[in-house]
Amino acid sequence: MSLFLILKYLHILLFVFWLGTDMGTYYSSKFVVNPKLSPPQRATALQILLGCDLGPRIAMPLIMPTGIHLGSLMGLVKISPLGLGILWGAGLLWLILVLKVHFNKNEIQKKKLKKVDFWLRPIIVLFVSGVAIYSLVNPSYITASWISYKLLVVCGLILCGLGIRYHLAKFTPAFMNLMSGDESDDTNNALKKTMDDCLPYVYGIWIGLLVNAAWGVHLI
């Protein structure tokens, strides 16, 4: 089996994994904010939500290395072996950071790592969008414009993820109140509003993924 086919298979799996588990996260959130369920039931739903949310967090760091590597094998992206190595190294380091944030039991360390992960993303967006826009104007490194457009969409997905995280910062205090026995309308309304505020970003991620899939199979 060729490296091209392996990367193509992995790239498709990452798309499916990202979109599928993101939908699972959305569906689980409905139970988290359902006031008809008991706090323990809603806590269980939250654990399911967090487990599903690991899917997009794994897919995001790997989707660009696999895609750029595929483009280089197709002759559409001009990048040196060293450049590919740096790209894969950066992607894997980002993945390790994501996994450490998810599985770390030390809340102090986890908070620090989450802050690093949060601020790393705008840096990635600025760099990748800069490369993509430059390549649209001067296609000397990325010769296929649809690859540059896909990179810009991925930057949009990362920004949508930041938007979700921004709003979810308000979710934690309300959920802690719920777990401490406060099942008032104020608490339930705060939880629901937080999730509702995330919906535009969630829909943006789904649309972006579907658009990138269409570019990938040349439907557009």
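This report concerns the structure included in the present document.

1. Quick notes on the overall build of the protein chain
Logical step 1: In terms of helices and strands, the protein chain carries seven helices and zero strands.
Logical step 2: Secondary structure elements in the protein chain, listed N-terminal to C-terminal, are α-α-α-α-α-α-α.
Logical step 3: Reported as C-alpha extents along the three principal axes, the dimensions of the protein chain are approximately 60 × 35 × 35 Å.
Logical step 4: Looking at the protein chain residue by residue over its 220 residues, the buried ones come to 41%.
Logical step 5: For the protein chain, the accessible area works out to roughly 12,300 Å², and carbon and sulfur atoms hold 72% of it.
Logical step 6: On the protein chain, the mean spot of the 19 positive side-chain charges and the mean spot of the 10 negative ones are 12 Å from each other.

2. Here we look at helix α4 (residues 107-137)
Logical step 1: Helix length check: α4, at 31 residues, gives a terminal C-alpha distance of 45 Å against a target of 45 Å (1.5 Å per residue), a fit within 8%.
Logical step 2: Of the residues making up α4, those classed as buried are Asp 117, Arg 121, Ile 124, Val 125, Val 128, Ser 129, Ala 132 and Ser 135.
Logical step 3: Two or three places before Ile 108, at the start of α4, stands the capping residue Asn 106, its side-chain oxygen 3.0 Å from that residue's backbone nitrogen.

3. Details of the packing of helix α2 (residues 39-73) against helix α3 (residues 81-103)
Logical step 1: Interaxial distance between α2 and α3 falls to 10 Å at its minimum, and their mutual angle equals 180°. Between α2 and α3, the angle falls in the class roughly antiparallel.
Logical step 2: Of the residues that constitute the contact of α2 with α3, the class distribution is 18 nonpolar, five polar and one charged.

4. Observations regarding the pattern of salt bridges
Logical step 1: Applying the stated criterion across every chain, the model contains five salt bridges.
Logical step 2: The partner of Arg 57 in a salt bridge is Asp 53, with the nearest N and O atoms 2.7 Å apart. Of the two residues, Arg 57 and Asp 53 both sit in helix α2, four residues apart, roughly one turn of that helix.
Logical step 3: Ionic pairing is found between Asp 117 and Arg 121, a salt bridge with its closest N-O pair at 2.8 Å.

5. Details of the packing of aromatic side chains
Logical step 1: Following the criterion strictly, the structure yields seven aromatic pairs and no others.
Logical step 2: With centroids separated by 5.5 Å and ring planes inclined at 10°, the aromatic side chains of Tyr 149 and Trp 215 adopt a geometry described as stacked. In this pair, Tyr 149 is assigned in helix α5 (residues 145-168) and Trp 215 in helix α7 (residues 185-216), connecting sequence segments 66 residues apart.
Logical step 3: By relative accessible area, which is 17% here, Trp 215 ends up buried.
Logical step 4: Measuring from ring centre to ring centre gives 5.4 Å for Phe 171 and Phe 175, while their planes differ by 20°; the resulting arrangement is stacked. Residue Phe 171 and its partner Phe 175 are located together in helix α6 (residues 171-179), separated by four residues, close to a single helical turn. Across this residue pair, the class does not change: Phe 171 and Phe 175 are buried.
Logical step 5: Chaining the aromatic ring pairs together yields one cluster made of Tyr 26, Tyr 203 and Trp 206.

6. Regarding helix α1 (residues 3-32)
Logical step 1: For α1, with 30 residues, the first-to-last C-alpha span of 42 Å sits near the 44 Å given by 1.5 Å per residue.
Logical step 2: For α1, the complete set of buried residues consists of Leu 7, His 11, Leu 14, Trp 18, Leu 19, Thr 21, Asp 22, Gly 24, Thr 25, Ser 28, Ser 29 and Val 32.

7. Observations concerning the side chain of Asn 188
Logical step 1: Looking at the secondary structure, you find Asn 188 in helix α7.
Logical step 2: Given a relative accessible area of 11%, Asn 188 falls into the buried group.
Logical step 3: Here the side chain of Asn 188 touches Arg 42 through a polar contact of 2.8 Å, side chain to side chain.
Logical step 4: Not counting residues within four places of it along the chain, the set of residues in contact with Asn 188 comprises Pro 35, Arg 42 and Glu 183.

8. What to know about the side chain of Asn 212
Logical step 1: Positionally, Asn 212 belongs in helix α7.
Logical step 2: Among residues more than four places away in sequence, those in contact with Asn 212 are Tyr 149, Lys 150, Val 153 and Val 154.

9. As for the packing of α1 against α2
Logical step 1: Orientation of α1 relative to α2, taken along the N-to-C sense of each, is 155°, at an axis distance of 7 Å. As far as their axial angle goes, α2 and α1 are roughly antiparallel. The handedness of the crossing between α1 and α2 comes out as left-handed.
Logical step 2: Of the residues that constitute the contact of α1 with α2, the class distribution is 22 nonpolar, ten polar and four charged.

About the cut-offs
- Residues numbered from 1 in each chain as written.
- Predicted model: local features only at pLDDT ≥ 70, side-chain atom pairs only at ≥ 80, totals over all residues.
- Heavy atoms only, no water.
- Helix = DSSP H or I, 4+ residues; strand = E, 2+ residues; numbered from the N terminus.
- Buried < 20%, exposed > 50% of the residue type's maximum accessible area, 1.4 Å probe, protein only.
- Areas by Shrake-Rupley, 256 points an atom, 1.4 Å probe, with all protein chains shown as cover.
- Lys, Arg positive; Asp, Glu negative; His and termini not counted.
- Charge placed at Lys NZ, Arg CZ, Asp CG, Glu CD.
- Expected span 1.5 Å × (residues − 1).
- Polar contact = N/O pair within 3.5 Å; in protein donor to acceptor, adjacent residues only side chain to side chain.
- Axes fitted to C-alpha atoms, helices over the stretch in contact; angles between N-to-C directions.
- Parallel < 35°, antiparallel > 145°, perpendicular 65-115°, else oblique.
- Nonpolar A, V, L, I, M, F, W, Y, C, P; charged D, E, K, R; others polar.
- Salt bridge = Lys/Arg side-chain N within 4 Å of Asp/Glu carboxyl O.
- Phe/Tyr/Trp six-rings, centres within 6.5 Å; stacked < 30°, edge-to-face > 60°.
- Contact = heavy atoms within 4.5 Å.
- Left-handed = near helix turned anticlockwise from the far one by under 90°.

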